[in-house]
Each structure stands twice: as C-alpha cells, then as structure tokens.
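# Summary of the model geometry
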Amino acid sequence: MTVKFLDLKASFEEVQTEIADAVLATLQSGQYIGGPEVELFESEFAAYVEADHCVGVANGMDAIFLALKALGIGPGDEVIVPSNTFIATWLAVTQCGAVPVAVEPDDQTYNINPALIEDAVTERTTAIVPVHLYGLPADLDPILAIARKHGLRVIEDAAQAHGARYKGRRIGSHGDIVTWSFYPGKNLGAFGDGGAISTNDSELADRIEMLRNYGSRQRYYNEAVGYNSRLDSLQAAALRVKLRYLDMWNERRRVLANIYSEALRETSLRLPVLPSWAEPVWHLYCVRHIQRDGLREYLSAREIETLIHYPVPPHRQKAFEHMNIGEGAFPITEAMAAQLISLPIGPTMKAHDARRVANEIRSALELM
Ligand SMILES: *Cc1c(COP(=O)(O)O)cnc(C)c1O
C-alpha cells in the first residue's frame, strides 16, 4: 500500500532513541512489575488529563471492567452503553455480570444521544458508559445531569480520546471514572497491551489499585476477590516517552483532518461534524457514503488503505445473539456500519498523502 491506514513503525522510528534508552534503563533496573516507571507514568498521565489520580491496568477493556467493579456493579444491574461502539465496551459490562442496555447515537456526531438515554433508564440501571468515539467527546453535560437525576454513575470510555477536550477541559475527570486503552493503534499507544483509569475520586482510585493487584494492598493479605491486571513497567517507561509527543502527534492528526474536510466538502460524502463544545483528537476520520464498498475498492486499487469502524455492531454479533436484538433495532447504528469508511490518518502521515487520498476520492465520486 502506498498510503497505509496507520504506520506504527514510522511513529516508533521518530522516538526510537528515547524509547530504547527508557526500555534499557528499565531492564537494567531489575523492576519489571510496578515500581517508579509505573508510578511516574500514572502521575504524569493524571496531570495530562487534568485528573487527580491515574491507575495503570493491563488493557482498555479491563479498565472499564475494573471501573464497574469498583462501583459495585454486577449481576442484576443494567448499564447504558452506546449501540455503536467497539465491542469491548459491552464485553466489560457482561464480564462483571451486568446487562448492557444499548442507546443509539446522534446521527451527526455518532456519539450516544443524550435525548434517548432517559427512555432506557429502569429501576435496575446503575451506570452510563458514554464512549468518546473516533476521538470526539460525547456531550457530557446532559449525560451527567441525567446521571445525577437518577442516581447513576458515569464511566467514560476514553480509549479513543487521549488529549481531547470537552468545553475547554481535557477528557479525564468529568465522569466518576474515565477509562483508557494504550493498545498500539490508539493516539497514545504502547508496544503491547496497556490501559488505565483516571478519576478525581481518591477512594475509587484506591479501590481499583487494590482490585488490579489480586485485591491486595499489603502483599499476601487479600481484602477482596481481585484480579491480576497491571500495567507493565516496560510499557509504562515507553508510554512516558510517548506522552511527551502526544500533543504534537494529535496536532498533526488535526492538520490531516482539516485537509480532508477542506478538500472533500461539497461532495456527496458526509463528513465528520464538529460540535462547538468539542476539541477532538481525530483518532479516526470517518466519512459516510451509500456506495461505501465501491469507494473502498476504488481506493484499494490505487493502493490507499481504508478500514471500517465497525462493520458489525455489537447487537448483530453472534456473541450477543442471546439478547435477541433483531436487525433494524438500531437503524442509525446499522446505517453507520453499512456506510462509514475510515480514511488513513496518523501522526506520521504526510499532508501530500492526505491530499492524494482526497483527490482520489473526488475522482471516485465523479464516477458514482
Ligand atoms: C480499543 C478500545 C477498547 C479496548 O481497549 P483494549 O486495550 O484493546 O482492551 C475499548 N473501548 C473502545 C472504544 C476502544 O476503542
């Protein structure tokens, strides 16, 4: 492919020397679980996301799961989730024994539609998990107001939103707990799995710290049935280096997104919509077209790699067959799955490549 969807190797090469030094120093330290690298990353990431606390965990799905657990959510509880999210959001809910209750997105922003949430609240509802999809913050104020009114907790799935801002303040502490993934392809990605939670609630942070480590605060003394879900020291050391580049990398994504938005306006494509209160970080740049598959083939024939996020929504997956949610139950979500295409974007992609992608798309649309 002459234009890759995301070139992880190129972004590694940009920071190769610093990563190599950090990883080598950690290897030489003899401390491979916990220790100063994890603690330093936790405090640096908390400061970055404007939260009082951060706790590293093994991955982004565990971060949601442990957040739900820390809030005491389990069997008998219902948790409101977006119908159009990556399946991990739903799986974290089922993993703790609760039931995911899906709510459709706003058709413009693709984030959970606050106006539809109250209809989904029952006496079993205990939490709402908005997702800041594609790096665009969900509309948090009305969600937090509904949560307050009904006594619900809010866990934000921020796996795609490192650095994004909602009404001027970074995503990281608006809700009760905010969850992060450092999967390699995320805006802040490790060299393997990694995750974290951030929060302003010291008791919740403390509880998650205990749960991630076998339910233990003091070695060999276990106060809760816990889990093993820790952020590796080596990943933390690498993440500390990459965190210093995150704003610059997000800015490069924004430049590419602007090139697309400028070059593709007044076409038959539906472009991402930017609400005035959101500063997104362009984890993905998704456009919508009824002839999506034809467009993808056209681009692929010209060596431009695109992806679909996501081809099958959770309620149409075999894994959730038992919930008996039929086709057509979530029409906006299903239309998104049929019509969205994610264009190449990433911290090392060149502006001229984005222009070429846009030009090829314009040529393709003329033929359609
Ligand atoms: C990536 C992602 C996750 C899961 O993160 P992992 O680290 O892969 O477990 C959860 N939710 C969303 C929205 C994601 O994009």
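First, a word on what this report is: a plain description of the structure on this page. Just so you know, these numbers come straight off a predicted model, no measurement behind them. (Residues numbered from 1 in each chain as written. Predicted model: local features only at pLDDT ≥ 70, side-chain atom pairs only at ≥ 80, totals over all residues. Heavy atoms only, no water.)

What follows concerns the pattern of salt bridges. Where charged atoms from two side chains of opposite charge come close, those side chains can pair. Counting across every chain of the model gives 23 salt bridges. In this structure, Arg244 and Glu18 form a salt bridge, with 3.6 Å as the shortest nitrogen-oxygen distance. Pair noted here: Arg244 is in the loop between helix H9 (233–243) and helix H10 (246–263) and Glu18 is in helix H2 (residues 16–29), with a separation of 226 residues, a long-range link. Classification of Arg244 by relative accessible area gives exposed; the value is 55%. In this structure, the salt-bridge partner of Lys167 is Asp141, at a minimum N-O distance of 2.7 Å. Taken together, the residues Lys167 in the loop between strand S6 (165–166) and strand S7 (169–170) and Asp141 in helix H7 (residues 140–150) connect sequence positions 26 residues apart. Judged by its relative accessible area of 35%, Asp141 is partly exposed. By sharing partners, the salt bridges in this structure join Glu37, Glu44 and Arg240 into a single network. (Salt bridge = Lys/Arg side-chain N within 4 Å of Asp/Glu carboxyl O. Helix = DSSP H or I, 4+ residues; strand = E, 2+ residues; numbered from the N terminus. Buried < 20%, exposed > 50% of the residue type's maximum accessible area, 1.4 Å probe, protein only.)

Time to look at the sheet that holds strand S2 (residues 78–82). With mixed pairing, the 7 strands of this open sheet are ordered in space as S1-S9-S8-S5-S4-S2-S3. Two strands lie at the open edges of the sheet, namely strand S1 (53–57) and strand S3 (99–103), each paired on one side alone. The mean angle between the axes of side-by-side strands here comes to 25 degrees, regardless of whether they run parallel or antiparallel. One ladder, built from 4 bridges, connects strand S8 (residues 177–181) with strand S9 (residues 195–199); its direction is antiparallel. What sits directly across from Trp180, in S9, is Ala196. The strands touched by helix H3 (residues 36–48) within the sheet are S1 and S8, with S1 carrying the most contacts at an inclination of about 130 degrees. Against the sheet, helix H8 (residues 202–211) makes contact with S1, strand S5 (153–157), S8 and S9, and its axis sits at roughly 15 degrees relative to S1, the strand it touches most. (Pairing = 2+ DSSP bridges. Axes fitted to C-alpha atoms, helices over the stretch in contact; angles between N-to-C directions. Contact = heavy atoms within 4.5 Å.)

Moving on, we come to the environment of Leu152. Among the structural elements, Leu152 can be located in the loop between H7 and S5. Each C-alpha atom, one on Leu152 and one on Ala319, is 27 Å from the other, the two residues being 167 residues apart in sequence. If we skip the residues at most four places from it in the chain, Leu152 touches Val121, Thr125, Thr126, Ala127, Ile128 and Ala147.

This paragraph deals with the site of the ligand. Of all residues adjacent to the ligand, which total 13 residues, the nearest are Gly60, Asp157, Gln160, Ser181 and Lys186. In this structure, an oxygen atom belonging to the ligand sits 2.7 Å away from a side-chain N or O atom of Lys186. In isolation the ligand has 380 Å² of accessible area, and contact with the protein removes 92% of it. Elements that contribute at least two residues to the shell around the ligand include exactly helix H4 (60–70) and helix H5 (88–95). (Near = heavy atom within 4 Å. Polar contact = N/O pair within 3.5 Å; in protein donor to acceptor, adjacent residues only side chain to side chain. Areas by Shrake-Rupley, 256 points an atom, 1.4 Å probe, with all protein chains shown as cover.)

Looking at the secondary structure, you find Pro142 in helix H7. For Pro142, a relative accessible area of 29% gives the class partly exposed. Expressed as a C-alpha distance, the spacing of Pro142 and Ala237, which sit 95 residues apart in the sequence, is 38 Å. Excluding anything up to four places from it in sequence, Pro142 contacts Pro114 and Tyr166.

Where H10 meets helix H13 (residues 351–367), the axes come as close as 9 Å, and the angle between the chain directions of the two elements is 25 degrees. One element, H10, and the other, H13, form an angle in the roughly parallel class. Crossing of H10 against H13: the hand is right-handed. Contacts between H10 and H13 pair Leu256, Ile259, Tyr260 and Ala263 from the former with Ala351, Ala354, Arg355, Val357, Ala358 and Arg362 from the latter. (Parallel < 35°, antiparallel > 145°, perpendicular 65-115°, else oblique. Left-handed = near helix turned anticlockwise from the far one by under 90°.)

With that settled, the discussion passes to the sheet that holds S7. The strand order across the open sheet formed by 3 strands is S7-S6-S12, and the pairing between neighbours is antiparallel. The open sheet has two free edges, formed respectively by S7 and strand S12 (278–279), since each of these has just one partner strand. The pairing of S6 with S7 spans 2 bridges and is classified as antiparallel. Its bridge partner being in S7, Tyr166 is matched across the sheet by Arg169.

Most of H4 sits out of view: 9 of its 11 residues are buried. Among the residues of H4, the N-terminal cap falls to Asn59, whose side-chain oxygen and the backbone nitrogen of Met61 are separated by 3.1 Å.

Here we take up the environment of Leu27. Mapped onto the elements, Leu27 comes out in helix H2. Overall, the relative accessible area of 41% leaves Leu27 in the partly exposed class. For the pair Leu27 and Ile325, spaced 298 residues apart in the sequence, the C-alpha separation amounts to 49 Å. If we ignore the near neighbours within four places in the chain, the residues touching Leu27 are Tyr32 and Leu234.

Okay, the packing of aromatic side chains next. The relative placement of two aromatic rings is captured by the distance of their centres and the angle of their planes. As enumerated under the stated definition, the model contains 14 aromatic pairs in all. Judged by centre distance (5.4 Å) and plane angle (25 degrees), the ring pair of Tyr245 and Trp249 falls under stacked. By relative accessible area, which is 17% here, Tyr245 ends up buried. Among the aromatic residues, ring-to-ring pairing joins Phe41, Phe45, Tyr48, Trp180 and Phe182 into one connected group. (Phe/Tyr/Trp six-rings, centres within 6.5 Å; stacked < 30°, edge-to-face > 60°.)

By themselves these figures say nothing about function.
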